[in-house]
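Architecture and fold: a report
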Amino acid sequence: MSHSESVLRVAIICVVFFTLHSLMVAGWFKSLAARALGPRLMRSWYRLTYTALSTLSLLICIWLIFRIPDHYIFGFPWWIAWPMHMVQVAALLFGYLSYRQLRTDEFTGKAQAARYLRGEEPAGDIEGLTEEGLTREGGYGVVRNPLYFAGMVIFAFEPNITRNWATVSVLAILYFIWGALIEEKRMQRRMGDQYISYKKDIPLLVPRPATAWQWLRQLVTR
């Protein structure tokens, strides 16, 4: 398999995954699903179904990419590679702690499904999310999209570069940037002036050094 063919196959797999993921979070698609399922089933099961399908499709993509022949391009010496890995670990921790700031049971859809199984009436928005307002705690006080930021750093700071990894990394980082911009529009429509004020205070994806240092100090001294 030629270099260009391998890159093309990896790119197609990534684009298909990104397209499916974007489709499932699009407002028009959720409205269509709500009309088909009805409000109760939509609020109770859509979020969990989305989580399950996203996880399954991601695992399939990883499996398909690993089946494509790869080629080592270059690697940094150990004295550079280890600090880069430490940055990746820090980004992973940052993403995890930011994720914990969310109501993870509702974010994954488990809470909505549990309410349905208990016979309770669904609550919240079209996906059954009941959390209102805007969190500025943890990573959300550093950047507006801490999960995307963590993913970008993990991809960008890999010191051992292969052809497939480079292809996935470039596409993933571009997708994170695009996704963050789309998320901006959705959040501004939903929260209005509250989110506009948040945008003025907190950067989108690139943290301010002073704010990042303050978050780190709070984490260490907690």
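Per chain, residue numbering runs from 1 following the sequence as it is written. Per-residue local features of the predicted model are confined to residues with pLDDT of at least 70, and side-chain atom pairs are confined, for both listing and counting, to 80 or more; whole-chain, interface and lining totals are unaffected and use all residues. Values shown for side chains rest on all heavy atoms present in the structure; no hydrogens or waters enter the calculation.

Turning next to the overall build of the chain. Secondary structure elements follow DSSP: runs of H or I of four or more residues count as helices, runs of E of two or more count as strands, with numbering from the N terminus. Each helix and strand in the chain was counted, giving ten helices and two strands. In sequence order, the chain lays out its α and β elements as α-α-α-β-α-α-α-α-β-α-α-α. For the chain, the C-alpha atoms occupy an extent of roughly 55 × 45 × 30 Å along the three principal directions. Burial analysis of the chain (222 residues in total) assigns 37% to the buried set. Across the chain, the fraction of contacts at a sequence separation of at least 24, relative to all contacts at a separation of at least 6, is 79%. For the accessible areas, the method is Shrake-Rupley and the probe is 1.4 Å, while residue cover comes only from the protein chains on display. Total accessible area on the chain is roughly 13,400 Å²; 68% of this is exposed by carbon and sulfur atoms. Only protein chains enter the accessibility calculation, which uses a 1.4 Å probe; a residue is then buried when its area is under 20% of its type maximum, exposed when over 50%, and partly exposed in between. Here a residue-residue contact requires only that any non-hydrogen atoms of the pair lie within 4.5 Å.

What follows covers the pattern of salt bridges. The salt bridge criterion pairs a side-chain nitrogen of Lys or Arg with a carboxyl oxygen of Asp or Glu, the two atoms within 4 Å. By the definition in use, this model includes ten salt bridges. In this structure, lysine 30 and glutamate 127 form a salt bridge, with 2.8 Å as the shortest nitrogen-oxygen distance. Linking lysine 30 in helix 2 (residues 27-37) with glutamate 127 in the loop between helix 6 (110-117) and helix 7 (146-156), this pair joins segments that are 97 residues apart in sequence. Look at lysine 30 and you get buried, because its relative accessible area is 7%. Close ionic contact of arginine 186 with glutamate 183 constitutes a salt bridge, the shortest N to O distance being 2.7 Å. Taken together, the positions of arginine 186 and glutamate 183, both in helix 8 (residues 163-191) and three residues apart, correspond to about one turn of that helix.

What follows is about the environment of alanine 91. Looking at the element boundaries, alanine 91 is found in helix 4 (residues 78-100). Taking the C-alpha atoms as reference points, alanine 91 and methionine 24, separated by 67 residues in sequence, lie 26 Å from one another. Sequence-distant contacts of alanine 91, defined by excluding residues within four places in its chain, comprise Ala150, Val153 and Ile154.

So, on to the layout of surface pockets. We place a 1 Å grid over just the protein atoms. Points where a 1.4 Å probe fits but has no way out form a cavity, open points with protein on both sides within 12 Å along at least 5 of 7 lines form a pocket, and any residue with an atom within 4 Å of a point lines it. Grid points are joined across faces, edges and corners, and a volume is the space filled by probe spheres set on the points. Its volume calculated, the second largest pocket comes out at about 310 Å³. Looking at the second largest pocket, it is lined by 13 residues, and the ones nearest its centre are Ala90, Ala91, Phe94, Phe149 and Trp215. Broken down by secondary-structure element, the contributors of at least two residues to the lining of the second largest pocket are helix 4, helix 7 and helix 10 (209-221). The element contributing the most residues to the lining of the second largest pocket is helix 4, with five residues. Its residues assigned to classes, the lining of the second largest pocket shows 13 nonpolar, no polar and no charged. Side-chain classes follow a simple rule in which Ala, Val, Leu, Ile, Met, Phe, Trp, Tyr, Cys and Pro form the nonpolar group, Asp, Glu, Lys and Arg form the charged group, and the remainder, Gly included, forms the polar group.

This part is about the packing of aromatic side chains. The pairing test for Phe, Tyr and Trp rings, Trp by its six-membered ring, is centres within 6.5 Å, and the orientation test on the planes gives stacked under 30 degrees, edge-to-face over 60, and tilted for anything in between. The full count for this structure, using the stated rule, is twelve aromatic pairs. Here tryptophan 28 and phenylalanine 29 contribute two aromatic rings whose centre-to-centre distance is 5.9 Å and whose plane-to-plane angle is 90°, an arrangement assigned as edge-to-face. Through a chain of ring-to-ring contacts, the aromatic side chains of Phe17, Phe18, Tyr175 and Trp178 assemble into a single cluster. Here, over-ring charges are defined by two tests on the NZ atom of lysine or the CZ atom of arginine: distance to the ring centre within 6 Å, and angle to the ring normal within 35 degrees. Taking the ring centre of phenylalanine 107 as reference, the NZ or CZ of arginine 47 above it sits at 4.8 Å.

Membership of the largest hydrophobic core comes to 24 residues, with the highest contact counts inside it found for Val10, Cys14, Phe18, Ile65, Phe94, Phe149 and Leu205. Put simply, the parts of the chain that give this core at least two residues each are helix 1 (3-25), helix 3 (39-66), helix 4, helix 7 and helix 8. Here the nonpolar core consists of buried residues drawn from Ala, Val, Leu, Ile, Met, Phe, Trp, Tyr and Cys, with membership extended through side-chain atoms lying within 4.5 Å.

Attention shifts here to the packing of helix 1 against helix 8. A pair of packed helices can be characterised by two numbers: the angle between their axes and the separation between those axes. Helix 8 packs onto helix 1 with a crossing angle of 30° between their chain directions and a minimal axis gap of 9 Å. Between helix 1 and helix 8, the interaxial angle falls into the category roughly parallel. Relative to helix 8, the crossing made by helix 1 is right-handed. On the side of helix 1, the interface is formed by His3, Ser6, Val7, Val10, Ala11, Cys14, Phe18, His21 and Ser22, while helix 8 contributes Arg163, Asn164, Thr167, Val168, Leu171, Ala172, Tyr175 and Trp178. Partitioning the contact of helix 1 with helix 8 into residue classes produces ten nonpolar, six polar and one charged. Every axis in this analysis is a line fitted to C-alpha atoms, fitted for helices over the stretch in contact. Angles between the N-to-C directions lie between 0 and 180 degrees. Relative orientations are named as follows: roughly parallel for angles under 35 degrees, roughly antiparallel for angles over 145 degrees, roughly perpendicular for angles from 65 to 115 degrees, and oblique for any other angle. Helix crossings are classified by the rotation of the near helix relative to the far one: an anticlockwise turn of less than a right angle makes the crossing left-handed, while a clockwise turn makes it right-handed.

Running from N to C, helix 2 and helix 3 point in directions that differ by 125°, and their axes come no closer than 7 Å. In terms of orientation, helix 2 and helix 3 fall into the oblique class. The handedness of the crossing between helix 2 and helix 3 comes out as right-handed. Of helix 3, the residues touching helix 2 (which contributes Phe29, Lys30, Ala33, Ala34 and Leu37) are Pro39, Leu41, Met42 and Tyr46. Across the contact of helix 2 with helix 3, the residue classes break down as eight nonpolar, no polar and one charged.

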